[in-house]
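Coordinate analysis (summary)
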Amino acid sequence: SQYSAVDTNPLSVYVMQPIWNKIIKIVPLWIAPNLLTFSGFVMILVNYFLISFYDWDYTASGTSPGRVPTWVWLFSAFTTFCAYALDSIDGKHARRTQSSSPLGELFDHGLDSWATSIFVLSFFSVCSRDGVSVYTMYIYLSIVLFNFMCSHWEKYNTGVLFLPWGYDLSQVVLITAYLLTGVVGVEVWQKPFLFDYYITDVLVILLIGFSLLLSFPQTLYNIHRAHVKKTLKNGSLYEGLLPLVSPLLLFMLLTVWVVLSPGNILAKQPRLFLWMVGVTFSNVICKVIICQMSNTRPELLHWFLFPLALVVGAATAGLLGRAEEAALAAFTALATAAHLHYGICVGRQLSEHFNIYIFSLKKRTQE
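Residues numbered from 1 in each chain as written. Predicted model: local features only at pLDDT ≥ 70, side-chain atom pairs only at ≥ 80, totals over all residues. Heavy atoms only, no water.

The name an unreviewed UniProt entry assigns to the protein is Ethanolaminephosphotransferase 1, from the organism Alectura lathami. Within the UniProt record for the protein, the comment given under Subcellular location (unreviewed entry) is "Endoplasmic reticulum membrane". (UniProt positions renumbered as here; feature names shortened; annotations may be inferred.)

In structure tokens form, the structure reads like this:
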């Protein structure tokens, strides 16, 4: 299906787009758009692992300040800006080199679905678990992922991707937060900012407000409008709601684990647990994106739900005891490996199907 996206965000239209239009001119025409997308994703990963190295348990901005060197925060601001720029120009570059393809679209949105959680997990190091509890972090991450899911669920039903306003805003906030932390130090997050509110409180309130009062109603409105105009892709309510079943079940299972865990798994291993949330979610959403692109029906239950249900059931019933953290690590490794394997396989299949290379503009020779 033909790709169509709508961007109505003033920040994007009036401020960022003119910047991207200047940056795109320096990109050589022989570079493949997917290479830009992938480079941005690699920068986000490098940044994430660098911060994890200095701040595994999310305390570096709170109880153990000064553990993260200043250059790391400045490097975070730099990599976040580069990733944001690369993600914003890859589509323009594809049109410029006349190499737009469903493979590029999937590559872009698929990596975005994973990058979304990684951005959030890196940002948590700025506010630390003393400022924002690990439970707030979990809710915060879930809301961001829920927003991402909504925009693709909306595209599944309307055929148009309405780019969420929160995206550009969140990137600018992230870059500013890293710069601020690098220049002023982590103390900036410990002092009340307005009345008795800390900056982190303000950001959480903004995020929840943006999601629940702007993004979600906008999604429902766009779907309703398509329904009135009779341009909906799916005839029945069941078909329209089908892609939501797996993500919602996934969220329910994870929440049950967080709330009922005998060993308080989220407080013990916040980084591992939240990474696992991001990976499982990304895989579930990639399948929805593929269904929406290929006009096929998504499966009712994603296979991740079965091993996850086993682990959560065993953990909450107290059968795992001390092994709960090991079970989390094993499931996280399984999900991450499966997601990587899935991404590589789909990329290869599409590259063969469309007769294009993923990272090069040369045409594949017919065998």
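Focus on the pattern of salt bridges
Inspection of every chain in the model, using the stated rule, returns 5 salt bridges. Between Asp 57 and Arg 67 there is a salt bridge, with its nearest N and O atoms 3.2 Å apart. Note that Asp 57 is positioned in the loop between helix 2 (33-54) and helix 3 (70-96) and Arg 67 in the loop between helix 2 and helix 3, a separation of 10 residues in sequence. The partly exposed category is assigned to Asp 57, whose relative accessible area is 30%. Across the pair Glu 299 and Lys 287 runs a salt bridge whose closest N-O atoms are separated by 3.7 Å. Of this pair, Glu 299 sits in the loop between helix 10 (270-294) and helix 11 (305-316) while Lys 287 sits in helix 10, placing them 12 residues apart in sequence. Taking relative accessible area as the criterion, Glu 299 reaches 41% and is therefore assigned partly exposed. Residue class for Lys 287 comes out buried when judged on its relative accessible area of 19%. (Salt bridge = Lys/Arg side-chain N within 4 Å of Asp/Glu carboxyl O. Helix = DSSP H or I, 4+ residues; strand = E, 2+ residues; numbered from the N terminus. Buried < 20%, exposed > 50% of the residue type's maximum accessible area, 1.4 Å probe, protein only.)

So, the confidence of the model for the protein
Per-chain confidence: the protein averages 88 in pLDDT, with 95% of residues scoring 70 or above. Ranking the elements of the protein by mean pLDDT puts strand 3 (residues 192-194) last, at 69, and helix 11 first, at 96. (pLDDT = per-residue confidence, 0-100.)

Overview of the environment of Gln 218
Within the secondary structure, Gln 218 sits in helix 7 (residues 199-228). A sequence separation of 64 residues divides Gln 218 from Glu 154, and the C-alpha atoms of the two residues are 9.7 Å apart.

Some words on the packing of aromatic side chains
In the structure shown here, the tally under the stated rule is 22 aromatic pairs. Pairing Tyr 54 with Trp 71 gives two aromatic rings, centres 6.5 Å apart and planes at 85 degrees, and the pair type is edge-to-face. A residue pair is termed long-range when its members are at least 10 positions apart, and Tyr 54 in helix 2 and Trp 71 in helix 3 qualify at 17 residues. By relative accessible area, which is 23% here, Tyr 54 ends up partly exposed. With a relative accessible area of 46%, Trp 71 lands in the partly exposed category. Between the aromatic rings of Trp 114 and Trp 275, the centroid separation amounts to 5.8 Å while the plane-to-plane angle is 55 degrees, which identifies the pairing as tilted. (Phe/Tyr/Trp six-rings, centres within 6.5 Å; stacked < 30°, edge-to-face > 60°.)

Some words on the side chain of Asn 283
With respect to the helices and strands, the residue Asn 283 is situated in helix 10. Look at Asn 283 and you get buried, because its relative accessible area is 2%.

Looking at the layout of surface pockets
Approximately 500 Å³ is the volume attributed to the second largest pocket. In terms of lining residues, the second largest pocket is bounded by 21 residues, among which Phe 107, Leu 111, Leu 340, Gly 343 and Ile 344 are the most central. Here the lining of the second largest pocket takes 9 residues from helix 12 (residues 324-353), the largest share from any one element. Across the lining of the second largest pocket, the residue classes break down as 16 nonpolar, 4 polar and 1 charged. (1 Å grid on protein atoms, 1.4 Å probe; cavity = no way out; pocket = protein on both sides within 12 Å on 5 of 7 lines; lining within 4 Å. Points joined across faces, edges and corners; volume = space filled by probe spheres on them. Nonpolar A, V, L, I, M, F, W, Y, C, P; charged D, E, K, R; others polar.)

Some details on the packing of helix 5 (residues 134-158) against helix 8 (residues 237-260)
Their axes nearest at 10 Å, the elements helix 5 and helix 8 cross at an angle of 170 degrees. Between helix 5 and helix 8, the crossing angle belongs to the class labelled roughly antiparallel. Residue-level inspection shows Tyr 135, Tyr 138, Ser 142, Met 149, Trp 153, Tyr 156 and Asn 157 of helix 5 in contact with helix 8, the latter providing Glu 239, Gly 240, Leu 241, Pro 243, Leu 244, Pro 247, Phe 251, Leu 254, Thr 255 and Val 258. Within the contact of helix 5 with helix 8, the residues separate by chemical class into 12 nonpolar, 4 polar and 1 charged. (Axes fitted to C-alpha atoms, helices over the stretch in contact; angles between N-to-C directions. Parallel < 35°, antiparallel > 145°, perpendicular 65-115°, else oblique. Contact = heavy atoms within 4.5 Å.)

Topic: the nonpolar core
Grouped together as the largest cluster of nonpolar side chains are 95 residues, with contacts concentrated most on Phe 123, Phe 124, Trp 257, Phe 273 and Leu 274. Here this core takes 14 residues from helix 4 (residues 102-131), the largest share from any one element. Sequence-distant contacts of Phe 124, that is, excluding residues within four places in its chain, are made with Tyr 58, Met 137, Tyr 140, Leu 141 and Leu 274. (Core = buried A, V, L, I, M, F, W, Y, C linked by side-chain atoms within 4.5 Å.)

A closer look at unusual backbone geometry
Despite not being glycine, Asn 295 shows a phi value in the positive range, around 55 degrees. A relative accessible area of 55% places Asn 295 in the exposed class. With a phi close to 60 degrees, Asn 355 is a non-glycine residue in the positive phi region. Along the chain, the position of Asn 355 falls in the segment after helix 12.

Considerations on the packing of helix 4 against helix 6 (residues 166-184)
Where helix 4 meets helix 6, the closest approach of the two axes is 11 Å, and the angle between their N-to-C directions is 30 degrees. Taken together, the axis directions place helix 4 and helix 6 in an arrangement best described as roughly parallel. For the pair helix 4 and helix 6, the crossing hand works out as left-handed. Where helix 4 approaches helix 6, its residues Phe 119, Ser 122, Phe 123 and Val 126 are matched on the opposing element by Gln 171, Leu 174, Ala 177, Tyr 178 and Thr 181. Its residues assigned to classes, the contact of helix 4 with helix 6 shows 6 nonpolar, 3 polar and no charged. (Left-handed = near helix turned anticlockwise from the far one by under 90°.)

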